[in-house]
Amino acid sequence: MEFDYNKAAERYDAYRKGGGPFLKTLHELACRSNAAHVLELGAGTGNNTQAFLDIYPCKLYGLELSRAMVKRAAGKVHAAHWVQGRAEHLPFRSASFDFVFAVLVLHHILDIFPVMQECRRVLRRGCAAFVTSPHDFIDRHPMNRYFPSFAAIDKARFHPIEKIEEALKQAGFTEVIAERIIGEPQPLDHRYLEKVKGRFLSTFDLLPPGELERGIAHLQADIEKYGVVPVDVRWECVTVWGMC
Ligand SMILES: C[S@@+](CC[C@H](N)C(=O)[O-])C[C@H]1O[C@@H](n2cnc3c(N)ncnc32)[C@H](O)[C@@H]1O
């Protein structure tokens, strides 16, 4: 089953914000590419578009598949140009960008090889960078103890880092590099519970019947018992990029 972002667009921003430990890397790569024209793939409601523009003002196109998400993005982030479309068939002329990036998008695309080929085509030179979740982090994610299907669902969706590297190389990118970044510790408390109740990760919509409700009850009981559940919650992500 695929997650429906047209249905999620209304509630998406209530529990998802822009920015994160990966932004510094995206900024460095844009600087290194001397990027004037930037393309963001799967830009969602524009949260990371705005976060990126705040630190790297440029001419930025946000491409997004879901009509409802792109509508929200266009209403919020006026500094970007918004286009509805697919990362696998980019509606842009060849050699028109200097930097392409995507945050947590590739796991929604079964075949990522056409995406990399399209990135290579629309880049005149520069860099394509993809922020994703590595499988070992998915395995260690604190939500596994509450939602037994969590890791299996996400490992079936998130591409292994090596596959993303391979797709970049096959598309003609060089200097292909993967960098892991670990965020600040976050408390597993009532605020986190609210985000889970708001299904802030698409994973929660893909759980088998009943598992979401049982997991929320278990997490709620732990928070009532401890206040802050004594587990290490830190967001880990990997940015994979290639230069051309
Ligand atoms: C997890 S959200 C991330 C949104 C945004 N990058 C962010 O960090 O807030 C994934 C987004 O990718 C979009 N998406 C999924 N498949 C896509 C495709 N083939 N081409 C372009 N966008 C796609 C979805 O509609 C959704 O908005």
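The structure contained in this document is the topic of the report that follows. The structure presented is a predicted model; accordingly, all values stated were derived computationally and were not measured. (Residues numbered from 1 in each chain as written. Predicted model: local features only at pLDDT ≥ 70, side-chain atom pairs only at ≥ 80, totals over all residues. Heavy atoms only, no water.)

1. Considering the packing of helix H1 (residues 5-15) against helix H4 (residues 67-76)
Part 1 of the reasoning: The contact between H1 and H4 brings their axes to 7 Å, and the two run at 35°. From H1, Tyr5, Asn6, Ala9, Glu10, Tyr12 and Asp13 reach across to H4, where they touch Arg67, Ala68, Met69, Arg72 and Lys76.
Part 2 of the reasoning: Its residues placed into classes, the contact of H1 with H4 shows five nonpolar, one polar and five charged. (Axes fitted to C-alpha atoms, helices over the stretch in contact; angles between N-to-C directions. Helix = DSSP H or I, 4+ residues; strand = E, 2+ residues; numbered from the N terminus. Contact = heavy atoms within 4.5 Å. Nonpolar A, V, L, I, M, F, W, Y, C, P; charged D, E, K, R; others polar.)

2. Looking at the pattern of salt bridges
Part 1 of the reasoning: Taken as a whole, this structure holds 19 salt bridges when the rule is applied.
Part 2 of the reasoning: Its salt-bridge partner being arginine 125, residue aspartate 98 comes within 3.5 Å of it at the nearest N-O pair. Separated by 27 residues along the polypeptide, aspartate 98 in strand S4 (residues 97-103) and arginine 125 in strand S5 (residues 123-132) bring together distant segments of the chain.
Part 3 of the reasoning: Note on arginine 125: relative accessible area 37%, which makes it partly exposed.
Part 4 of the reasoning: Several salt bridges converge on common partners, so that one network encompasses Asp136, Arg140, Arg180 and Glu236. (Salt bridge = Lys/Arg side-chain N within 4 Å of Asp/Glu carboxyl O. Buried < 20%, exposed > 50% of the residue type's maximum accessible area, 1.4 Å probe, protein only.)

3. Observations concerning the environment of valine 176
Part 1 of the reasoning: Looking at the secondary structure, you find valine 176 in strand S6 (residues 174-185).
Part 2 of the reasoning: What makes valine 176 buried here is its relative accessible area of 19%.
Part 3 of the reasoning: Taking C-alpha positions, valine 176 is 25 Å from alanine 51, a pair spaced 125 residues apart along the chain.
Part 4 of the reasoning: Leaving out residues up to four positions away in the same chain, valine 176 has contacts with Glu165, Leu168, Lys169, Trp241 and Gly242.

4. Things to note about the site of the ligand
Part 1 of the reasoning: The immediate surroundings of the ligand are formed by 21 residues, with Gly42, Asn48, Glu64, Glu88 and Val103 found nearest.
Part 2 of the reasoning: Take tyrosine 12: an N or O atom from its side chain is 3.1 Å from an oxygen atom of the ligand.
Part 3 of the reasoning: A distance of 2.9 Å separates a nitrogen atom of the ligand from a polar side-chain atom of glutamate 88. (Near = heavy atom within 4 Å. Polar contact = N/O pair within 3.5 Å; in protein donor to acceptor, adjacent residues only side chain to side chain.)

5. Some thoughts on the side chain of threonine 49
Part 1 of the reasoning: Structurally, threonine 49 is set in helix H3 (residues 47-55).
Part 2 of the reasoning: Once you skip the residues sitting within four places of it in the chain, threonine 49 turns out to touch Glu40, Ala43, Leu60, Val77, Ala80 and Trp82.

6. Considerations on the nonpolar core
A general tendency of soluble globular proteins is for nonpolar side chains to be buried together.
Part 1 of the reasoning: One finds Phe22, Leu26, Val38, Phe52, Leu60, Phe99 and Phe101 to be the most contacted residues of the largest nonpolar core, which totals 33 residues.
Part 2 of the reasoning: Those elements giving two or more residues to this core turn out to be helix H2 (23-32), H3, H4, S4, S5 and strand S7 (234-243).
Part 3 of the reasoning: With four residues, H2 is the single largest residue contributor to this core.
Part 4 of the reasoning: Apart from the residues lying within four places of it in its own chain, the contact partners of phenylalanine 22 are Asn48, Val103, Val131, Ile181, Trp235, Cys237 and Thr239.
Part 5 of the reasoning: With 29 residues, the next largest nonpolar core counts Val100, Phe130, Ala171 and Val240 among its residues. (Core = buried A, V, L, I, M, F, W, Y, C linked by side-chain atoms within 4.5 Å.)

7. A few points about the pairing of S7
Part 1 of the reasoning: Of all the ten residues making up S7, eight are buried; the element is thus mostly covered by neighbouring parts of the structure.
Part 2 of the reasoning: With six bridges connecting them, S5 and S7 associate as antiparallel partners. Across the sheet, the residue bridging to cysteine 127 is methionine 243, located in S7.
Part 3 of the reasoning: Pairing analysis gives eight bridges linking S6 to S7, with the strands arranged antiparallel. Within S7, the residue paired with alanine 178 across the bridge is valine 240. (Pairing = 2+ DSSP bridges.)

8. Describing the sheet that holds S7
Part 1 of the reasoning: If you walk across this open sheet you meet the seven strands as S3-S2-S1-S4-S5-S7-S6, and the pairing is mixed. Two strands lie at the open edges of the sheet, namely strand S3 (81-84) and S6, each paired on one side alone. Adjacent strand axes in the sheet meet at a mean angle of 20° when their direction is disregarded.
Part 2 of the reasoning: With four bridges connecting them, strand S1 (residues 37-41) and S4 associate as parallel partners. Bridge pairing links valine 38 to phenylalanine 99 in S4.
Part 3 of the reasoning: Relative to the sheet, H2 contacts S4, S5, S6 and S7, its axis offset from that of S7 by approximately 15°.
Part 4 of the reasoning: Strands in contact with H4 are strand S2 (59-64) and S3; relative to S3, the strand with the most contacts, it is inclined by about 170°.

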